[in-house]
Amino acid sequence: MATTSLKQALETPRGASALEALYGSAGEALRRQRGRYAALLDRFDSCFPGANGPRLFSAPGRTEIGGNHTDHNHGQVLAAAIDLDVIAAAAPSGDGRIRIESEGYPRQEVQLDDLAARPAERSTAAAITRGVAARMRALGHAVGGFAACVTSDVLKGSGLSSSASYEVLVGAILNHFYNGGRIGGQELALVGQFAENEYFGKPCGLMDQTTCALGGFITIDFKDPARADVRAVRSEFRGGGYATVVVDTGGSHADLTPEYAAVKQEMMDVARLLGGTVLRDTTRERVLAEAPRLRAELGDRAVLRALHFFDDNQRVQQQARALEAGDYRRFLQLVRESGRSSWMLLQNCYPAATPREQGVALAQALSESLLGEDGAWRVHGGGFAGTILAFVPQARLAAYLQGMRAVFGPASCHALSIRGPGAVMLDL
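First, a word on what this report is: a plain description of the structure on this page. Predicted, not measured: the structure shown is a model, and the values here were computed from it.

1. Overview of the overall build of the protein chain
If you tally the helices and strands in the protein chain, you get 14 helices and twelve strands. Here the protein chain has a C-alpha radius of gyration of 22 Å; the compact-globule value for 428 residues is 22 Å, and the two agree. Taken along its principal axes, the extent of the C-alpha atoms in the protein chain is 70 × 50 × 40 Å. Taken over 428 residues, the protein chain has a buried fraction of 54%. With the model as given, the accessible surface of the protein chain reaches about 17600 Å², and the carbon-plus-sulfur share is 50%. Counting 45 positive and 46 negative side-chain charges, the protein chain places the centres of these two groups 2 Å from one another.

2. Section: the nonpolar core
Residues Ile-65, Phe-146, Leu-174, Phe-217, Phe-331 and Phe-391 are the most contacted members of the largest nonpolar core, which totals 72 residues. Look past the residues within four positions of Phe-391 in its chain and what remains in contact with it is Ile-65, Phe-237, Tyr-242, Ala-243, Thr-244, Phe-331, Leu-332, Val-335, Leu-371, Gly-375 and Ala-376. Formed by 20 residues, the second largest nonpolar core is a distinct cluster that contains Leu-279, Ala-306, Phe-309 and Phe-384.

3. A word on the pattern of salt bridges
The tally for this structure, following the rule as stated, stands at 27 salt bridges. Its salt-bridge partner being Arg-34, residue Glu-11 comes within 3.8 Å of it at the nearest N-O pair. Placement of the pair is Glu-11 in the loop between helix 1 (4-10) and helix 2 (13-23) and Arg-34 in helix 3 (residues 27-47), with a sequence separation of 23 residues. Close ionic contact of Glu-266 with Arg-301 constitutes a salt bridge, the shortest N to O distance being 2.6 Å. Residue Glu-266 is located in helix 8 (residues 257-273), and its partner Arg-301 is located in helix 11 (residues 300-325); the two are separated by 35 residues in the primary sequence. A relative accessible area of 15% places Glu-266 in the buried class. The class for Arg-301 is partly exposed, based on a relative accessible area of 29%. If you follow the salt bridges from partner to partner, you end up with Arg-32, Arg-36, Asp-85, Asp-153 and Arg-419 in one network.

4. Notes on the sheet that holds strand 9 (residues 376-379)
Spatial strand order, 9-10-8-11: four strands in an open sheet with antiparallel pairing. Lying at the two open borders of the sheet, with one neighbouring strand each, are strand 9 and strand 11 (413-416). If you compare each strand with its neighbour and ignore which way they point, the axes differ by 20 degrees on average. Bridge count for strand 8 (residues 242-248) against strand 11 is four bridges, and the pairing is antiparallel. Counterpart to Val-247 in the pairing with strand 11 is Cys-413. Across the sheet, helix 12 (residues 328-346) is in contact with strand 8, strand 9 and strand 10 (387-393); its angle to strand 9 comes to roughly 35 degrees. Across the sheet, helix 13 (residues 359-371) lies against strand 9 and strand 10, angled at about 175 degrees from strand 9, the strand it touches most.

5. Regarding the side chain of Asn-179
Position of Asn-179 among the secondary structure elements: in the loop between helix 5 (162-178) and helix 6 (185-200). Polar side-chain contacts of Asn-179 include one of 3.2 Å to the backbone oxygen of Leu-174. Setting aside chain neighbours within four positions, we find Asn-179 in contact with Met-136, His-141, Ala-142 and Leu-174.

6. Section: the pairing of strand 5 (residues 145-152)
Along strand 5, seven of the eight residues are buried, which leaves the element largely enclosed by surrounding structure. Judged from the five bridges that link them, strand 3 (residues 97-102) and strand 5 form a sheet pairing that is parallel. Following the sheet pairing, Ile-98 is matched in strand 5 by Phe-146.

7. Looking at the packing of helix 4 (residues 125-138) against helix 6
With their axes 8 Å apart at the nearest point, helix 4 and helix 6 run at an angle of 125 degrees to one another. By the angle class used here, helix 4 and helix 6 are oblique. Helix-helix and strand crossings are classified by hand; for helix 4 and helix 6 the assignment is right-handed. Across from Ala-127, Ile-128, Arg-130, Gly-131, Val-132, Ala-134, Arg-135 and Met-136 in helix 4, the residues of helix 6 making contact are Val-191, Phe-194, Ala-195, Tyr-199 and Phe-200. Here the residues of the contact of helix 4 with helix 6 sort into ten nonpolar, one polar and two charged.

8. Section: the packing of aromatic side chains
Applying the stated criterion to the full structure yields eight aromatic pairs. On the basis of an interplanar angle of 90 degrees and a centroid distance of 6.4 Å, the ring pair of Phe-177 and Tyr-178 is categorised as edge-to-face. Consider the rings of Tyr-260 and Phe-384, whose centres lie 5.6 Å apart with planes at 65 degrees: the pair is edge-to-face. Residue Tyr-260 is located in helix 8, and its partner Phe-384 is located in the loop between strand 9 and strand 10; the two are separated by 124 residues in the primary sequence. Judged by its relative accessible area of 3%, Phe-384 is buried. Pairwise contacts between aromatic rings join Phe-57, Phe-177 and Tyr-178 into one cluster.

9. What about the packing of helix 6 against helix 7 (residues 207-214)?
Two packed helices can be described by the angle between their axes and the distance between those axes. At a minimum axis separation of 8 Å, helix 6 and helix 7 run at an interaxial angle of 140 degrees. The angle between helix 6 and helix 7 falls in the class oblique. Where helix 6 crosses over helix 7, the handedness of that crossing is right-handed. Between helix 6, through Gly-185, Gln-186, Ala-189, Gly-192, Gln-193 and Glu-196, and helix 7, the contact on the second element is made entirely by Gln-209, Thr-210, Ala-213 and Leu-214. Of the residues in the contact of helix 6 with helix 7, the class split is three nonpolar, six polar and one charged.

10. Topic: the pairing of strand 2 (residues 76-93)
In summary, the side chains of a regular strand alternate between the two faces of the sheet. With 17 of 18 residues buried, strand 2 lies mostly within the body of the structure. Bridge count between strand 1 (residues 55-66) and strand 2: ten bridges; the pairing is antiparallel. By the bridge assignment for strand 2, Phe-57 is matched with Ala-88. As paired elements, strand 2 and strand 6 (residues 217-221) share five bridges and run antiparallel to each other. Among the inter-strand pairings, Ala-80 is bridged to a residue of strand 6, identified as Phe-217. Pairing of strand 2 with strand 5, which is carried by eight bridges, proceeds in the antiparallel orientation.

Calculation notes
- Residues numbered from 1 in each chain as written.
- Predicted model: local features only at pLDDT ≥ 70, side-chain atom pairs only at ≥ 80, totals over all residues.
- Heavy atoms only, no water.
- Helix = DSSP H or I, 4+ residues; strand = E, 2+ residues; numbered from the N terminus.
- Rg over C-alpha atoms; globule rule 2.2 N^0.38 Å.
- Buried < 20%, exposed > 50% of the residue type's maximum accessible area, 1.4 Å probe, protein only.
- Areas by Shrake-Rupley, 256 points an atom, 1.4 Å probe, with all protein chains shown as cover.
- Lys, Arg positive; Asp, Glu negative; His and termini not counted.
- Charge placed at Lys NZ, Arg CZ, Asp CG, Glu CD.
- Core = buried A, V, L, I, M, F, W, Y, C linked by side-chain atoms within 4.5 Å.
- Contact = heavy atoms within 4.5 Å.
- Salt bridge = Lys/Arg side-chain N within 4 Å of Asp/Glu carboxyl O.
- Pairing = 2+ DSSP bridges.
- Axes fitted to C-alpha atoms, helices over the stretch in contact; angles between N-to-C directions.
- Polar contact = N/O pair within 3.5 Å; in protein donor to acceptor, adjacent residues only side chain to side chain.
- Parallel < 35°, antiparallel > 145°, perpendicular 65-115°, else oblique.
- Left-handed = near helix turned anticlockwise from the far one by under 90°.
- Nonpolar A, V, L, I, M, F, W, Y, C, P; charged D, E, K, R; others polar.
- Phe/Tyr/Trp six-rings, centres within 6.5 Å; stacked < 30°, edge-to-face > 60°.

What follows is the structure, given as C-alpha cells:
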C-alpha cells in the first residue's frame with residue numbers, strides 16, 4: 001500500500017523526533033499521535049486507492065493569551081499555537097482537482113479551472129478550500145490538484161480557531177506540493193483570512209491564521225491593520241511546570257452578536273468624541289481627563305471599556321518581555337490582571353440581559369479559589385459565554401480539573417501545551 005513506508009517511518013527515531021517537535025516527548029502522547037496518523041493513513045488508502053504516496057501535514061490551533069478585545073481598535077494581541085491540530089495525509093495529483101475527505105464533513109471536490117466564489121458554498125469547508133486556491137493563484141503562486149484525508153482534534157466552538165487551522169493546512173499543502181515550501185507563514189495567513197472573509201463569509205481578523213501559520217508565541221500589532229506588525233516571541237516556555245487548560249463553561253453564542261458589537265462600538269464612540277476613529281488614536285490620559293463629558297454622553301461602561309483597552313494593550317508587550325526573560329511568575333501575574341480587567345472594566349463575562357448566566361465569571365472565581373497566586377486565568381476569546389484559559393501548576397492540576405468539572409461537567413476541561421512549530425509538512 002502507498003502508506004506502508006510512511007507508517008513505518010513514524011516508528012523510527014526520525015519519526016519520533018518529528019512528532020516530539022509538535023506534541024512533546026511524553027510517551028503516552030507519542031503513542032496516541034502515532035496511532036492517530038496511522039489511522040489517517042489507513043483511511044487515505046481506503047478513500048484514494050490509486051493515489052501516489054502521500055505526505056503528512058499538520059496545522060495547530062491557537063489560544064489567545066493577551067489583548068482581549070483590543071485588535072478591533074487597532075491594538076495589540078499575544079497569542080500562541082497549541083498542540084491540538086488539524087492533520088492531513090495528502091498526495092499531489094495531475095487531474096486539476098482538489099479532493100478532500102474531512103472526517104465528519106461531506107466529501108469536497110474543487111475544480112481548479114473554476115475558482116470563482118460560489119454563494120451556495122458559503123459557510124462550508126469547500127468555500128475555504130476554493131478561496132485558498134483562488135487567492136494563491138491570484139498572488140502568482142502555483143496551484144495544483146491533490147487528494148487528502150483530514151482529521152482534527154482542535155475543539156470546535158472553544159475559541160481555538162479550528163477554521164483558521166484548516167485554512168492554513170490547505171495553504172501549506174499547496175505550498176509544499178507546488179511552490180517548494182517557499183511561501184512564508186505570514187502570506188499563508190493572509191491567504192487564509194481572504195478565504196474566510198470573501199468565500200466562507202466570516203469577517204475575521206488576522207490573529208488566528210497568523211498564529212496557526214507561524215507557531216509559538218507571537219505578538220501582533222494592528223496599528224495599521226493592512227500591514228499588521230507580527231513579531232515572534234522567543235521563549236522557552238512550553239509549560240514551565242504549568243498545564244494550559246481551557247475550561248468550557250457552556251452557554252450559547254447564538255444571541256451574543258449585539259454584545260460583541262457593543263464592545264467595539266463603545267470603544268470607537270469614545271475615540272470619536274476625542275477626535276479619533278479608534279482608541280489607538282488617543283490616550284488613556286485623555287480618556288481620564290475627559291471622563292465627565294464621556295460619562296455624560298456615552299455612559300460609564302464605555303469609559304470603563306476604553307480604560308480596559310489601554311491597560312490590556314500595554315500588558316501585551318509586558319507579557320512578551322516577561323516570557324523572553326523567563327520571568328514566568330510575572331507573566332502569570334499579567335494574565336491574572338488581564339482576566340480581572342475583562343471582568344471589571346471590559347465587562348464581557350456575561351450578557352447584561354441575562355445576569356443569571358455567569359459561567360465565565362464563575363469559572364474565574366473558582367479558578368482564583370483553587371489556584372490563588374500560584375496560577376493564572378482569563379477570559380478566552382470574545383467572552384459573554386464559552387471558555388476561560390487557565391495556567392495551572394502541574395502539582396495542582398488534578399485538584400483543579402476535579403473542582404472545575406464538578407461545576408461545569410466532566411467534558412468541560414481540556415489540558416493543552418504550547419507548540420513551537422506552525423503549519424508543517426512532517427519531515428519523515
